[in-house]
Amino acid sequence: MHPFDPGYAQAPYADLVGDYPGPEIYPAKDFRVEWGPIFHRGRLDGTARVLVIGQDPAAHEAITRRILVGTAGRRFQGFLNKLGIDSSYVLINTFLYSVYGQRAGTAHATDPDIARYRHAWLDALVTHNQIEAVIALGGLADSAFHTWRKAPTSAAYDGAYEHILHPTYPDSAAASGSDAATAMKQLTTNWNNALTALNITITPDTERSVSPYGDSLTPADLGTIPEADLPPGLPAWMRSDEPWAARQGSTPAEKRATITVQIPEDQRPF
Ligand code: URA
């Protein structure tokens, strides 16, 4: 049997995915609306105990139609694994669409129209699950959480909250000139502190003594995206450790319009 994500047929999620905001709320100059909204990953059956707020979907997510499945997703899946959280989680992003341009995310961090729909998801998730902790990945997700906390509907939530560095923080820090090893160590130190705090708050699916990160993430620290998190029939290589989707094009417009998908060599049955 192949476990799969059954999707959004049940209330309240059917109404939420049927009524998503488009370019009138998410301007096409700031978001890649042309790839469609990508809503979530994880449990929608009431069994989530950890609620995660990520940032925005990237190329792999545009193909699988579930969030946090690429590098960022596998790094964070490893973090959940260390806490013994193997399946009792649900993840949404701050933004439904991929952010386009460096400042676009910050410019829309507290946008009330974008927040309204995100709050509807957060309200639904905390109402229909017993959430013990909310984890925000990065600064924009942290803003999203605090914006929600100002809305009266969020009063229903009385669990823990942890803001951690975004899983690809070391990559963006290095790209803007920081020392790569230092940025990696910042991430693993920050995540180790969060593991200590969350370990006493969260009821694990599997009892596991937390093994802290070293100075940098190793291949063993990457989690595998469970088959049950993806729509039925997606091939196993879409959960593999190697990148298989990338934006490509010789002009900004062509690059925005093109995602190249290639099966990793060691995953080919031919
Ligand atoms: N992919 C997502 O879906 N969210 C992130 O925050 C990063 C990558």
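No experiment lies behind these values; they were computed from the predicted model shown.

Enquirer: Help me understand the pattern of salt bridges in this model?
Expert: A complete count under the given rule lists 12 salt bridges for this structure. Notably, a salt bridge pairs E34 with R256, separated by 2.6 Å at the nearest N-O pair. Of this pair, E34 sits in the loop between α1 (13-18) and β1 (40-42) while R256 is found in helix α9 (residues 252-257), placing the two residues 222 residues apart along the sequence. Across the pair R208 and D86 runs a salt bridge whose closest N-O atoms are separated by 3.0 Å. Taken together, the residues R208 in the loop between α8 (180-199) and β6 (245-247) and D86 in the loop between α3 (71-82) and β3 (89-93) connect sequence positions 122 residues apart. Owing to a relative accessible area of 35%, R208 belongs among the partly exposed residues under this scheme. In this structure D86 comes out as partly exposed when scored by relative accessible area, which is 25%. Overlapping salt bridges bring together R41, R43 and D229 as one network.

Enquirer: Even after reading the chapter, I still don't get the packing of aromatic side chains, so can you show me in this structure?
Expert: Two numbers describe a pair of aromatic rings. These are the distance of the centres and the angle of the planes. Under the definition given, this model contains 17 aromatic pairs. For the pair Y26 and Y97, a centre-to-centre distance of 4.8 Å together with 65° between the ring planes defines the contact as edge-to-face. Here Y97 lies in the loop between β3 and α4 (104-107) and Y26 lies in the loop between α1 and β1, a separation of 71 residues in the sequence. Both residues of the pair, Y26 and Y97, count as buried. Here the aromatic rings of F145 and Y161 are separated by 3.7 Å at their centres, their planes lie at 5°, and the arrangement is stacked. One end of the pair, F145, is in helix α6 (residues 139-149); the other, Y161, is in strand β5 (residues 160-164), with 16 residues separating them in the sequence. Overall, F145 belongs to the buried group, its relative accessible area being 3%. Residue Y161 is classed as partly exposed on the basis of its relative accessible area of 22%. Of the aromatic side chains, those joined through ring pairs into one cluster are Y8, Y13, Y20, F39 and W121. In this structure, R43 packs its charged tip against the face of Y89, placed 5.6 Å from the ring centre. Residue placement shows K82 over the ring face of Y213; its charged tip is 4.5 Å from the ring centre.

Thresholds applied
- Residues numbered from 1 in each chain as written.
- Predicted model: local features only at pLDDT ≥ 70, side-chain atom pairs only at ≥ 80, totals over all residues.
- Heavy atoms only, no water.
- Salt bridge = Lys/Arg side-chain N within 4 Å of Asp/Glu carboxyl O.
- Helix = DSSP H or I, 4+ residues; strand = E, 2+ residues; numbered from the N terminus.
- Buried < 20%, exposed > 50% of the residue type's maximum accessible area, 1.4 Å probe, protein only.
- Phe/Tyr/Trp six-rings, centres within 6.5 Å; stacked < 30°, edge-to-face > 60°.
- Lys NZ or Arg CZ within 6 Å of the ring centre and 35° of its normal.

Shape descriptors only; they carry no functional weight alone.
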